[in-house]
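Breakdown of the fold
If you want the building blocks of each chain, they are given just below.
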Amino acid sequence: MTYKVAVAGASGYAGGELLRLLLTHPDVQIGALTAGQNAGSKLGAHQPHLFPLADRELLETTADNLAGHDVVFLALPHGASGAVAAQLPDDVLVIDCGADFRLTDSEAWDRWYGGNYAGSWPYGLPELGDNRATLRTAKRIAVPGCYPTISTLTLAPAVQAGIVTPDVVVVAASGTSGAGKSLKANLLGSEVMGSVSAYGVGGTHRHTPEIIQNLGALTTDPVTVSFTPLLVPMSRGILATCSAPLHDGVSAQDVRAVYEKAYAAEDFVHVLPEGQWPTTASVLGSNNVAIQVTADADAGRLVAVGAVDNLTKGTAGGAIQSMNLALGLDEHIGLPTAGVAP
Ligand SMILES: NC(=O)C1=CN([C@@H]2O[C@H](COP(=O)(O)OP(=O)(O)OC[C@H]3O[C@@H](n4cnc5c(N)ncnc54)[C@H](OP(=O)(O)O)[C@@H]3O)[C@@H](O)[C@H]2O)C=CC1
Ligand SMILES: CC(=O)N[C@@H](CCC(=O)OP(=O)(O)O)C(=O)O
């Protein structure tokens, strides 16, 4: 069977990456492509790398234009998905790349996003807890944020195994595509080039509650997350350095064993050989996550480092992995397992 797929937000970074991957997916046919202010123009004007779709016209993002598809991806700004999703039939698989349906706690939504709480959908991170089973029957899927994807996967084995106190510190450096295409003062070329800067400091970044929600599902201990994002002068990729107090008597070997066991059956998550540390370059353009972990014995902390391509496994790849599960397809179809180098 071939599934007809629409992409709303096709002119954006997440929409572009969805289309790059969907073009190689053997079980889908690419249907309607929609946008906001750029509706009416050709996709090629916004996504010059997507040659096979260059002449396709961008339509307005309306329920009518998204009708008649088996799958609808929403790659719209936060807050825009709820109203569109509400108009789509229940039997259509709707996959939201935005934040609208990620948080299960309406109070957390009010505090971190505000505006109407649209509810929560099955969470599109198959490697976490029982999510894979839930996703197999889902008709609505919330794709995780890019920082939560890598922070959660980098810390989950330790938290789930109970070898750390889940008072975690995450410092994660992201490429600029994480911010989307819209022009922001701190993203001007001359501000970003040759400099690394912190933002969302002091527990103010909206991904903090999402990371807490994910890790909190793995332990009965209270979870705290001190999250500091950094902006670095590259287009894609996130490198997350995560640490937490390690329980007494847990060695570096024990820690490695926990991680290797946790991810032994996960084809996209790679615990690297001892001594090899993740780089964003190694996962570029792929659906892979690279993780390394050790014990800092003097500080009494677990230190784990994870790398992901924010647009692939961090958004569009993760979304397609979840789509595959929900359609009953092999989870890996259409997803690159090798990166682009150098
Ligand atoms: N970039 C990333 O690494 C990640 C992004 N995401 C999420 O994916 C979503 C899209 O992000 P991203 O692609 O980076 O953002 P972009 O700013 O690059 O793209 C936004 C897209 O939404 C369209 N759009 C904007 N406003 C409206 C509107 N009112 N109605 C309909 N369409 C509209 C834009 O169309 P137009 O060109 O016409 O303005 C464009 O196609 C966001 O929710 C983001 O949080 C999630 C994880 C990571
Ligand atoms: C570098 C950069 O600006 N990154 C974005 C995160 C993008 C993302 O994944 O998150 P959402 O889907 O929740 O928007 C930010 O910090 O807001």
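As the structure is a computational prediction, the values presented were derived from the model and not from experiment.

Right, let's talk about the sheet that holds strand S13 (residues 301-308) for a bit. If you walk across this open sheet you meet the seven strands as S8-S9-S7-S10-S13-S12-S11, and the pairing is mixed. In this open sheet, the two strands that pair with only one neighbour each are strand S8 (197-198) and strand S11 (269-271). Sheet contacts for helix H8 (residues 208-216): strand S7 (167-174) and strand S9 (224-231); angle to S9, the most-contacted strand, approximately 135 degrees.

With that out of the way, let us pick up the domain arrangement of the chain. Domains assigned within the chain are domain 1 (3-144 + 313-326) and domain 2 (147-310). Using only C-alpha atoms to locate each centre, domain 1 and domain 2 end up separated by 24 Å. Contacts between domain 1 and domain 2 engage 19 residues on the former and 26 residues on the latter. Going through the elements one at a time, helix H4 (106-112) and helix H10 (312-326) are the ones with two or more residues in the side of domain 1 that touches domain 2. Top element by residues in the side of domain 1 that touches domain 2 is H10. It accounts for six residues. When the residues that make up the side of domain 1 that touches domain 2 are grouped by side-chain class, the tally is eight nonpolar, eight polar and three charged.

So, about the sheet that holds strand S5 (residues 93-96). Read from one edge to the other, the open sheet built from six strands follows the order S3-S2-S1-S4-S5-S6, with strand pairing classed as parallel. Because the sheet does not close on itself, it has two edges, and the strands there are strand S3 (59-60) and strand S6 (140-142). The pairing of strand S1 (residues 3-8) with strand S2 (residues 28-35) spans five bridges and is classified as parallel. Bridge pairing links Val7 to Leu33 in S2. Packing against the sheet, helix H1 (residues 13-22) makes contact with S1, S2 and strand S4 (71-74), and its axis sits at approximately 160 degrees to S1. Sheet contacts for H10: S4, S5 and S6; angle to S5, the most-contacted strand, approximately 160 degrees.

In this structure, Val7, Ala8, Leu18, Phe73 and Leu74 are the most contacted members of the largest nonpolar core, which totals 93 residues. The residue makeup of this core includes at least three contributed by each of domain 1 (3-144 + 313-326) and domain 2 (147-310). The contacts of Leu18, once residues within four sequence positions are left out, are Val7, Phe73, Ala75, Ala316 and Ala319.

A word on the UniProt feature "domain: Semialdehyde dehydrogenase NAD-binding" (unreviewed entry) in the chain. Summarizing the sequence annotation, UniProt attributes the feature "domain: Semialdehyde dehydrogenase NAD-binding" (unreviewed entry) to residues 4-138 in the numbering used throughout. Across residues 4-138, the secondary structure splits into 24% helix and 17% strand, with the terminal C-alpha atoms separated by 17 Å.

With that settled, consider the pairing of S13. Among the eight residues that make up S13, six are buried, leaving the element largely enclosed by the rest of the structure. Relative to S13, strand S10 (residues 238-245) runs antiparallel, the two being bridged by eight bridges. Bridging from a neighbouring strand, Ser243 pairs with Val303 of S13. Relative to S13, strand S12 (residues 289-296) runs antiparallel, the two sharing eight bridges. Across the sheet, Gln292 pairs through a bridge with Val305, a residue of S13.

UniProt records the feature "active site" (unreviewed entry) for Cys146 in the present numbering. Mapped onto the elements of the fold, Cys146 is located in helix H6 (residues 146-161). When sequence neighbours within four positions are dropped, the list of residues in contact with Cys146 reads Gly178, Ile238, Asn310, Gly314 and Thr315.

Among the 31 residues in the neighbourhood of ligand 1, the closest are listed as Gly12, Gly36, Asn38, Gly98 and Gly180. For the shell around ligand 1, the secondary structure elements donating two or more residues are H1 and H10. Among the elements that make up the shell around ligand 1, the one with the highest residue count is H1 (three residues). Of the residues in the shell around ligand 1, the class split is twelve nonpolar, 18 polar and one charged. Two domains each donate at least three residues to the shell around ligand 1, and these are domain 1 (3-144 + 313-326) and domain 2 (147-310).

The next point concerns the environment of Val340. Secondary-structure assignment places Val340 in the segment after H10. By the C-beta count within 10 Å, which is 13 here, Val340 ends up partly exposed. Distance from Val340 to Leu284, taken between C-alpha atoms, is 5.7 Å for residues 56 residues apart in sequence. What Val340 contacts, discounting residues up to four positions off in sequence, is Leu284 and Gly285.

Summary statistics for the chain give a mean pLDDT of 96 and a share of 100% for residues scoring 70 or more. The ipTM, which scores confidence in the relative placement of chains, is 0.97 for this predicted complex, and the corresponding pTM is 0.97.

This next bit is on H8. Counting buried positions along H8 gives eight out of nine residues, so the element sits mostly inside the fold. Among the residues of H8, Thr208, Pro209, Glu210, Ile211, Ile212, Gln213, Asn214 and Leu215 are the ones counted as buried. Looking at the packing, one finds that the buried side of H8 touches H4, H6, S7 and S9.

This part takes up the packing of H1 against H10. Working note: a packed helix pair is described by the angle between its axes plus the distance between those axes. Contact geometry for H1 and H10: axes closest at 9 Å, N-to-C directions at 50 degrees. If you check the angle between H1 and H10, you find them oblique. Note on packing geometry: the crossing formed by H1 with H10 is right-handed. Counting all contacts with H1, which are made through Ala14, Glu17, Leu18 and Leu21, the residues of H10 involved are Thr312, Thr315, Ala316, Gly317, Ala319 and Ile320.

Reading the values: rules and limits
Residues numbered from 1 in each chain as written. Chains lettered and ligands numbered in written order. Predicted model: local features only at pLDDT ≥ 70, side-chain atom pairs only at ≥ 80, totals over all residues. Pairing = 2+ DSSP bridges. Helix = DSSP H or I, 4+ residues; strand = E, 2+ residues; numbered from the N terminus. Contact = placed C-beta atoms within 7 Å. Axes fitted to C-alpha atoms, helices over the stretch in contact; angles between N-to-C directions. Domains from an automatic or database assignment. Nonpolar A, V, L, I, M, F, W, Y, C, P; charged D, E, K, R; others polar. Core = buried A, V, L, I, M, F, W, Y, C linked by C-beta atoms within 7 Å. Buried ≥ 20, exposed ≤ 12 C-beta atoms within 10 Å, placed from the backbone. UniProt positions renumbered as here; feature names shortened; annotations may be inferred. Near = placed C-beta within 6 Å. pLDDT = per-residue confidence, 0-100. Parallel < 35°, antiparallel > 145°, perpendicular 65-115°, else oblique. Left-handed = near helix turned anticlockwise from the far one by under 90°.

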